[in-house]
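So the chains spell out like this:
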Amino acid sequence: MSNLDLKDYETIRVTPEASGFGAVVEGIDLSRPLAEPVRQEMLRAWAEHAVLSFPRQALSLEALEAATLQFGPFGADPFIKPMDGHPNVLELRREPDEKATNFGAGWHSDWSFQPEPPAATLLHAQVVPPVGGDTLFADCAAAYDALSPVMKDLLAPLRAVHSASRAYGTQGVFARETEKRTMQIVVSPEADKTHAHPLVRTHPVSGRKALFVSPVYTVGIEGMTPEESQAILGFLFKHMTQDAFIFRHRWAKDTLLIWDNRRTVHFAEGGYDGHLRVMHRTTVAGEVPV
Ligand code: SIN
(Lines give C-alpha, C1' and ligand atoms only; values in the text may rest on other atoms or scores of the structure.)
Protein backbone atom coordinates (compact mmCIF):
# COMPACT_ATOMS: atom_id res chain seq x y z
CA MET A 1 0.00 0.00 0.00
CA SER A 2 1.44 3.40 -0.92
CA ASN A 3 1.52 6.35 1.49
CA LEU A 4 -0.60 8.21 -0.98
CA ASP A 5 -3.42 5.70 -0.59
CA LEU A 6 -3.21 5.83 3.21
CA LYS A 7 -3.49 9.63 3.08
CA ASP A 8 -6.14 9.64 0.37
CA TYR A 9 -8.70 7.59 2.28
CA GLU A 10 -9.54 8.38 5.90
CA THR A 11 -12.23 5.79 6.65
CA ILE A 12 -11.22 2.76 4.51
CA ARG A 13 -7.97 1.04 3.43
CA VAL A 14 -7.54 0.90 -0.36
CA THR A 15 -4.74 -1.24 -1.77
CA PRO A 16 -4.34 -0.90 -5.55
CA GLU A 17 -3.73 -4.10 -7.51
CA ALA A 18 -0.40 -4.41 -9.33
CA SER A 19 -2.25 -4.52 -12.67
CA GLY A 20 -2.74 -0.73 -12.76
CA PHE A 21 -6.46 -0.91 -12.03
CA GLY A 22 -8.56 -2.75 -9.45
CA ALA A 23 -8.08 -2.41 -5.68
CA VAL A 24 -8.76 -4.28 -2.44
CA VAL A 25 -10.89 -2.38 0.09
CA GLU A 26 -10.67 -3.22 3.79
CA GLY A 27 -11.84 -1.61 7.02
CA ILE A 28 -15.47 -1.67 5.94
CA ASP A 29 -18.45 -3.85 6.95
CA LEU A 30 -20.92 -4.09 4.09
CA SER A 31 -23.43 -6.05 6.17
CA ARG A 32 -24.47 -2.78 7.86
CA PRO A 33 -25.59 0.60 6.53
CA LEU A 34 -22.51 2.71 5.78
CA ALA A 35 -21.93 6.14 7.31
CA GLU A 36 -22.08 8.70 4.49
CA PRO A 37 -18.34 9.63 4.62
CA VAL A 38 -17.46 5.92 4.30
CA ARG A 39 -19.88 5.47 1.40
CA GLN A 40 -18.44 8.53 -0.36
CA GLU A 41 -14.88 7.20 -0.01
CA MET A 42 -15.99 3.80 -1.32
CA LEU A 43 -17.61 5.45 -4.36
CA ARG A 44 -14.45 7.52 -4.93
CA ALA A 45 -12.29 4.39 -4.78
CA TRP A 46 -14.63 2.68 -7.23
CA ALA A 47 -14.43 5.58 -9.71
CA GLU A 48 -10.64 5.56 -9.43
CA HIS A 49 -9.94 1.81 -9.58
CA ALA A 50 -12.98 0.42 -11.52
CA VAL A 51 -12.92 -3.02 -9.84
CA LEU A 52 -13.07 -3.21 -6.04
CA SER A 53 -12.80 -6.39 -4.02
CA PHE A 54 -14.03 -6.51 -0.43
CA PRO A 55 -12.64 -9.63 1.29
CA ARG A 56 -14.35 -11.36 4.22
CA GLN A 57 -17.87 -9.97 3.73
CA ALA A 58 -20.29 -12.67 4.91
CA LEU A 59 -23.54 -11.31 3.44
CA SER A 60 -27.05 -12.75 3.49
CA LEU A 61 -29.06 -12.19 0.31
CA GLU A 62 -30.80 -9.27 2.04
CA ALA A 63 -27.44 -7.77 3.03
CA LEU A 64 -26.16 -8.18 -0.55
CA GLU A 65 -29.27 -6.35 -1.79
CA ALA A 66 -28.71 -3.57 0.76
CA ALA A 67 -24.99 -3.33 -0.13
CA THR A 68 -25.93 -3.04 -3.83
CA LEU A 69 -28.28 -0.15 -3.06
CA GLN A 70 -25.36 1.75 -1.45
CA PHE A 71 -24.08 2.14 -5.04
CA GLY A 72 -27.40 2.96 -6.70
CA PRO A 73 -30.79 1.47 -7.66
CA PHE A 74 -30.98 -2.08 -9.05
CA GLY A 75 -30.50 -2.62 -12.76
CA ALA A 76 -32.82 -4.83 -14.85
CA ASP A 77 -31.48 -8.36 -15.45
CA PRO A 78 -33.09 -10.02 -18.49
CA PHE A 79 -32.88 -13.60 -19.83
CA ILE A 80 -31.95 -15.33 -16.54
CA LYS A 81 -34.44 -16.51 -13.92
CA PRO A 82 -33.65 -14.72 -10.62
CA MET A 83 -33.55 -16.36 -7.19
CA ASP A 84 -36.89 -17.19 -5.59
CA GLY A 85 -38.08 -14.24 -3.47
CA HIS A 86 -35.12 -12.11 -4.65
CA PRO A 87 -36.01 -10.66 -8.06
CA ASN A 88 -32.78 -8.64 -8.22
CA VAL A 89 -30.37 -11.46 -7.39
CA LEU A 90 -29.08 -14.04 -9.89
CA GLU A 91 -27.43 -17.21 -8.70
CA LEU A 92 -24.53 -18.15 -10.97
CA ARG A 93 -24.32 -21.85 -10.13
CA ARG A 94 -22.40 -24.57 -11.93
CA GLU A 95 -22.64 -28.08 -10.51
CA PRO A 96 -19.67 -30.49 -10.50
CA ASP A 97 -21.26 -32.65 -13.23
CA GLU A 98 -22.01 -29.79 -15.65
CA LYS A 99 -20.15 -29.90 -18.96
CA ALA A 100 -21.74 -26.85 -20.62
CA THR A 101 -19.40 -23.88 -21.03
CA ASN A 102 -19.37 -21.84 -17.82
CA PHE A 103 -21.59 -18.76 -17.76
CA GLY A 104 -19.82 -15.53 -18.77
CA ALA A 105 -17.02 -17.23 -20.71
CA GLY A 106 -16.58 -14.47 -23.29
CA TRP A 107 -15.40 -10.86 -23.00
CA HIS A 108 -18.36 -8.57 -22.34
CA SER A 109 -19.70 -5.56 -20.45
CA ASP A 110 -22.92 -6.63 -18.73
CA TRP A 111 -26.14 -6.06 -20.69
CA SER A 112 -24.48 -3.47 -22.97
CA PHE A 113 -27.36 -3.99 -25.44
CA GLN A 114 -29.76 -2.17 -23.07
CA PRO A 115 -30.59 1.50 -23.71
CA GLU A 116 -29.20 2.24 -20.22
CA PRO A 117 -26.73 -0.57 -19.46
CA PRO A 118 -25.89 -1.25 -15.80
CA ALA A 119 -23.19 0.96 -14.28
CA ALA A 120 -22.04 -1.81 -11.95
CA THR A 121 -22.20 -5.52 -11.29
CA LEU A 122 -21.65 -7.03 -7.85
CA LEU A 123 -20.61 -10.65 -7.42
CA HIS A 124 -20.49 -12.34 -4.03
CA ALA A 125 -18.60 -15.63 -3.69
CA GLN A 126 -20.56 -18.43 -2.00
CA VAL A 127 -18.69 -21.54 -3.13
CA VAL A 128 -15.27 -21.20 -4.74
CA PRO A 129 -13.77 -24.18 -6.58
CA PRO A 130 -10.27 -25.31 -5.52
CA VAL A 131 -8.97 -24.74 -9.08
CA GLY A 132 -9.96 -22.33 -11.88
CA GLY A 133 -12.98 -20.03 -11.84
CA ASP A 134 -11.03 -16.73 -11.88
CA THR A 135 -12.67 -13.62 -13.34
CA LEU A 136 -10.55 -11.53 -15.73
CA PHE A 137 -11.06 -7.82 -16.33
CA ALA A 138 -9.75 -5.58 -19.12
CA ASP A 139 -9.32 -1.85 -18.56
CA CYS A 140 -11.00 -0.28 -21.59
CA ALA A 141 -9.94 3.24 -20.52
CA ALA A 142 -6.25 2.29 -20.49
CA ALA A 143 -6.79 0.51 -23.82
CA TYR A 144 -8.34 3.67 -25.27
CA ASP A 145 -5.51 5.86 -23.92
CA ALA A 146 -2.96 3.60 -25.65
CA LEU A 147 -4.44 4.18 -29.13
CA SER A 148 -2.81 6.59 -31.56
CA PRO A 149 -4.38 10.06 -31.97
CA VAL A 150 -5.34 9.11 -35.54
CA MET A 151 -7.19 5.98 -34.39
CA LYS A 152 -8.92 7.98 -31.61
CA ASP A 153 -10.13 10.51 -34.21
CA LEU A 154 -11.39 7.69 -36.44
CA LEU A 155 -13.36 6.09 -33.58
CA ALA A 156 -14.74 9.32 -32.08
CA PRO A 157 -17.91 9.67 -34.23
CA LEU A 158 -18.69 5.93 -34.45
CA ARG A 159 -21.67 4.17 -32.88
CA ALA A 160 -21.38 0.47 -32.12
CA VAL A 161 -24.40 -1.81 -32.46
CA HIS A 162 -25.05 -4.08 -29.46
CA SER A 163 -27.34 -7.11 -29.23
CA ALA A 164 -27.92 -10.07 -26.93
CA SER A 165 -28.70 -12.25 -29.98
CA ARG A 166 -25.49 -14.32 -30.06
CA ALA A 167 -26.06 -15.44 -26.48
CA TYR A 168 -29.79 -15.29 -25.66
CA GLY A 169 -31.40 -14.92 -29.13
CA THR A 170 -33.59 -17.44 -30.91
CA GLN A 171 -30.55 -18.72 -32.86
CA GLY A 172 -28.05 -17.97 -30.09
CA VAL A 173 -25.68 -20.14 -28.09
CA PHE A 174 -28.17 -20.92 -25.32
CA ALA A 175 -30.99 -21.74 -27.77
CA ARG A 176 -28.79 -24.42 -29.36
CA GLU A 177 -27.38 -25.79 -26.13
CA THR A 178 -27.97 -29.48 -25.40
CA GLU A 179 -25.77 -29.94 -22.30
CA LYS A 180 -27.25 -29.73 -18.79
CA ARG A 181 -27.19 -26.21 -17.28
CA THR A 182 -28.43 -25.50 -13.74
CA MET A 183 -28.93 -21.78 -14.34
CA GLN A 184 -32.29 -21.13 -15.96
CA ILE A 185 -31.68 -19.11 -19.11
CA VAL A 186 -34.70 -17.59 -20.87
CA VAL A 187 -34.08 -17.49 -24.63
CA SER A 188 -36.23 -14.79 -26.23
CA PRO A 189 -36.88 -12.94 -29.51
CA GLU A 190 -36.34 -9.78 -27.39
CA ALA A 191 -32.64 -10.71 -27.39
CA ASP A 192 -32.50 -10.34 -31.19
CA LYS A 193 -33.13 -6.58 -30.93
CA THR A 194 -30.22 -4.17 -31.41
CA HIS A 195 -29.24 -0.92 -29.74
CA ALA A 196 -26.45 1.49 -30.74
CA HIS A 197 -24.12 3.31 -28.31
CA PRO A 198 -21.07 5.53 -28.81
CA LEU A 199 -18.09 3.26 -29.52
CA VAL A 200 -16.06 5.43 -27.15
CA ARG A 201 -17.91 6.50 -24.01
CA THR A 202 -17.03 9.05 -21.35
CA HIS A 203 -17.27 8.00 -17.71
CA PRO A 204 -19.86 10.18 -15.93
CA VAL A 205 -17.77 10.45 -12.74
CA SER A 206 -14.08 10.27 -13.74
CA GLY A 207 -14.50 11.87 -17.17
CA ARG A 208 -12.19 9.20 -18.67
CA LYS A 209 -12.89 7.89 -22.15
CA ALA A 210 -13.13 4.12 -22.66
CA LEU A 211 -13.78 1.72 -25.52
CA PHE A 212 -17.35 0.43 -25.18
CA VAL A 213 -17.44 -2.71 -27.33
CA SER A 214 -17.16 -6.43 -26.67
CA PRO A 215 -17.01 -9.65 -28.72
CA VAL A 216 -20.12 -11.06 -27.01
CA TYR A 217 -22.54 -8.15 -27.46
CA THR A 218 -21.16 -5.83 -30.18
CA VAL A 219 -22.41 -7.02 -33.56
CA GLY A 220 -21.42 -4.13 -35.86
CA ILE A 221 -20.78 -0.43 -36.36
CA GLU A 222 -23.55 1.84 -37.63
CA GLY A 223 -23.21 2.77 -41.30
CA MET A 224 -20.43 0.27 -42.03
CA THR A 225 -20.48 -2.97 -43.98
CA PRO A 226 -20.05 -6.18 -41.96
CA GLU A 227 -16.50 -6.50 -43.36
CA GLU A 228 -15.57 -2.93 -42.36
CA SER A 229 -17.10 -3.37 -38.89
CA GLN A 230 -15.30 -6.67 -38.44
CA ALA A 231 -11.92 -5.16 -39.35
CA ILE A 232 -12.25 -2.37 -36.78
CA LEU A 233 -13.94 -4.42 -34.04
CA GLY A 234 -11.53 -7.34 -34.51
CA PHE A 235 -8.59 -4.98 -34.03
CA LEU A 236 -10.19 -3.39 -30.93
CA PHE A 237 -11.10 -6.73 -29.29
CA LYS A 238 -7.50 -7.92 -29.68
CA HIS A 239 -6.08 -4.58 -28.57
CA MET A 240 -8.17 -4.21 -25.39
CA THR A 241 -7.66 -7.75 -24.12
CA GLN A 242 -3.84 -7.66 -24.26
CA ASP A 243 -2.07 -8.73 -21.06
CA ALA A 244 -1.07 -5.12 -20.40
CA PHE A 245 -4.72 -4.18 -19.72
CA ILE A 246 -5.80 -7.28 -17.76
CA PHE A 247 -6.45 -7.80 -14.06
CA ARG A 248 -7.08 -11.37 -12.88
CA HIS A 249 -9.28 -11.73 -9.81
CA ARG A 250 -8.78 -14.95 -7.80
CA TRP A 251 -11.78 -15.70 -5.63
CA ALA A 252 -12.08 -16.54 -1.94
CA LYS A 253 -15.35 -17.38 -0.21
CA ASP A 254 -17.24 -14.30 1.04
CA THR A 255 -15.37 -11.85 -1.19
CA LEU A 256 -17.66 -9.23 -2.69
CA LEU A 257 -16.49 -7.78 -6.00
CA ILE A 258 -17.93 -4.74 -7.75
CA TRP A 259 -16.91 -3.72 -11.24
CA ASP A 260 -17.64 -0.74 -13.45
CA ASN A 261 -19.26 -1.87 -16.70
CA ARG A 262 -18.61 1.58 -18.17
CA ARG A 263 -14.83 1.16 -18.07
CA THR A 264 -14.20 -2.59 -18.10
CA VAL A 265 -15.07 -5.81 -19.88
CA HIS A 266 -14.79 -9.13 -18.08
CA PHE A 267 -14.42 -12.84 -18.80
CA ALA A 268 -15.33 -15.73 -16.47
CA GLU A 269 -12.62 -18.35 -16.78
CA GLY A 270 -13.53 -22.04 -16.51
CA GLY A 271 -11.08 -24.77 -15.52
CA TYR A 272 -13.09 -26.15 -12.58
CA ASP A 273 -14.99 -29.07 -14.11
CA GLY A 274 -15.87 -31.55 -11.35
CA HIS A 275 -16.24 -28.79 -8.74
CA LEU A 276 -19.16 -26.63 -7.58
CA ARG A 277 -18.97 -22.85 -8.09
CA VAL A 278 -21.72 -20.56 -6.73
CA MET A 279 -21.89 -16.77 -6.92
CA HIS A 280 -24.67 -14.30 -6.16
CA ARG A 281 -24.95 -11.43 -8.60
CA THR A 282 -26.74 -8.07 -8.66
CA THR A 283 -26.49 -5.06 -10.96
CA VAL A 284 -26.71 -1.32 -10.37
CA ALA A 285 -28.66 0.78 -12.89
CA GLY A 286 -26.66 2.96 -15.28
CA GLU A 287 -27.29 5.82 -17.67
CA VAL A 288 -27.47 6.37 -21.44
CA PRO A 289 -23.81 6.10 -22.58
CA VAL A 290 -22.38 9.35 -24.01
C1 SIN B 1 -20.41 -12.72 -15.31
O2 SIN B 1 -21.18 -11.98 -14.70
O3 SIN B 1 -20.12 -12.51 -16.47
C4 SIN B 1 -19.83 -13.93 -14.60
C5 SIN B 1 -18.58 -13.62 -13.89
C6 SIN B 1 -18.08 -14.81 -13.12
O7 SIN B 1 -18.87 -15.73 -12.84
O8 SIN B 1 -16.91 -14.82 -12.75
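The structure contained in this document is the topic of the report that follows.

Criteria and cut-off values
Residues numbered from 1 in each chain as written. Predicted model: local features only at pLDDT ≥ 70, side-chain atom pairs only at ≥ 80, totals over all residues. Heavy atoms only, no water. Helix = DSSP H or I, 4+ residues; strand = E, 2+ residues; numbered from the N terminus. Rg over C-alpha atoms; globule rule 2.2 N^0.38 Å. Buried < 20%, exposed > 50% of the residue type's maximum accessible area, 1.4 Å probe, protein only. Contact = heavy atoms within 4.5 Å. Areas by Shrake-Rupley, 256 points an atom, 1.4 Å probe, with all protein chains shown as cover. Lys, Arg positive; Asp, Glu negative; His and termini not counted. Charge placed at Lys NZ, Arg CZ, Asp CG, Glu CD. Expected span 1.5 Å × (residues − 1). Salt bridge = Lys/Arg side-chain N within 4 Å of Asp/Glu carboxyl O. Near = heavy atom within 4 Å. Polar contact = N/O pair within 3.5 Å; in protein donor to acceptor, adjacent residues only side chain to side chain. 1 Å grid on protein atoms, 1.4 Å probe; cavity = no way out; pocket = protein on both sides within 12 Å on 5 of 7 lines; lining within 4 Å. Sits in = over half its atoms within 2 Å of the grid points. Nonpolar A, V, L, I, M, F, W, Y, C, P; charged D, E, K, R; others polar. Points joined across faces, edges and corners; volume = space filled by probe spheres on them. Pairing = 2+ DSSP bridges. Axes fitted to C-alpha atoms, helices over the stretch in contact; angles between N-to-C directions.

Along its length, the protein carries seven helices and 15 strands. Its C-alpha atoms give the protein a radius of gyration of 19 Å, within 12% of the compact-globule value 19 Å for 290 residues. With respect to the three principal axes, the spread of C-alpha positions in the protein is 50 × 45 × 30 Å. Per-residue burial over the protein gives 52% buried out of 290 residues. Residue pairs at least 24 apart in sequence account for 81% of intrachain contacts in the protein once pairs closer than 6 positions are excluded. Taken as a whole, the protein presents about 12,800 Å² of accessible surface, with 55% of it coming from carbon and sulfur. Treating the 28 positive side-chain charges of the protein as one cloud and the 36 negative ones as another, the clouds have centres 2 Å apart.

It is worth spelling out helix α2 (residues 36–49) at this point. Taking 1.5 Å of rise per residue, 14 residues should cover 20 Å, and α2 covers 20 Å from first to last C-alpha, within 8% of that figure. Three or more residues of α2 are buried, namely V38, E41, M42, A45, W46, A47 and H49. Positive phi appears at A50, one or two residues downstream of α2, with a value of about 75°.

A full pass over the atoms with the stated rule returns 23 salt bridges. A salt bridge links R281 to D77, with the shortest nitrogen-to-oxygen separation between them at 3.9 Å. Placement of R281 in strand β15 (residues 277–284) and of D77 in the loop between α3 (61–69) and β4 (90–94) is noted, with a sequence separation of 204 residues between them. Of the residues examined, R281 reaches a relative accessible area of 3% and is grouped as buried. For D77, a relative accessible area of 18% translates into the label buried. Note that R159 is salt-bridged to E222, the shortest N-O span being 3.6 Å. With a gap of 63 residues between them, R159 in strand β7 (residues 159–163) and E222 in the loop between β11 (218–221) and α7 (226–240) connect regions that are remote in the sequence.

Moving on, we get to the site of the ligand. Within the structure, the ligand sits among L92, G104, H108, L123, T135, W259, H266, A268, R277 and R281. One of the side-chain nitrogen or oxygen atoms of H266 is found 3.0 Å away from an oxygen atom of the ligand. In the model, an oxygen atom of the ligand is placed 2.8 Å from a nitrogen or oxygen of the R277 side chain. Considering the ligand on its own, with 260 Å² of exposed area, one finds that the protein chains cover 100% of that surface. Taking a 2 Å distance to the grid points as the criterion, the majority of the atoms of the ligand fall inside the largest cavity. Counting residues per element, the ones that place at least two in the shell around the ligand are β14 (264–268) and β15. By residue class, the composition of the shell around the ligand is four nonpolar, four polar and two charged.

Unfilled space is identified by rolling a water-sized probe across the atoms. All chains considered together, the criterion is met by one cavity of 30 Å³ or more. The computed volume of the largest cavity comes to approximately 180 Å³. Forming the walls of the largest cavity are 18 residues, and the residues nearest its centre are L92, F103, G104, A268 and R277. Of all elements in the fold, only β4, β14 and β15 reach the threshold of two or more residues within the lining of the largest cavity. In terms of residues, the lining of the largest cavity owes the most to one element, β4, which gives three residues. Here the lining of the largest cavity is built from residues that sort into seven nonpolar, five polar and six charged.

A word on the side chain of H162. Note that H162 resides in strand β7. Looking at H162, its side chain comes within polar contact range of the side chain of S112, at 2.8 Å. If we ignore the near neighbours within four places in the chain, the residues touching H162 are S112, F113, K193, T194, H195, H197, F212, V213, Y217 and T218.

Here H197 lies in strand β8 (residues 194–198). Engagement of the side chain of H197 in a polar contact is seen with the backbone oxygen of S112, the distance being 3.0 Å. Within the structure, the side chain of H197 is placed 2.9 Å from the backbone oxygen of Q114, a separation counted as a polar contact. Setting aside residues no more than four positions away along its own chain, H197 makes contact with S112, Q114, P115, P117, L158, R159, A160, H162, F212 and P289.

Let us look at the environment of P117. Within the secondary structure layout, P117 lies in the loop between β4 and β5 (120–127). On the accessibility criterion, P117 (1% relative accessible area) is buried. When the C-alpha atoms of P117 and G75 are compared, they prove to be 8.0 Å apart, with 42 residues separating the residues in sequence. Ignoring sequence-local partners within four residues, the contact set of P117 consists of D110, W111, S112, H197, F212, G286, E287 and P289.

Once that is clear, we can look at the sheet that holds β8. In spatial order, the strands read β8-β7-β11; together these three strands make up an open sheet with antiparallel pairing. A single partner strand is all that each edge strand has here, and the edge strands are β8 and β11. Between one strand axis and the next, the sheet turns through 30° on average, direction left out of account. Pairing of β7 with β11 involves three bridges; the strand directions are antiparallel. When the bridges of β11 are listed, V161 appears paired with G220.

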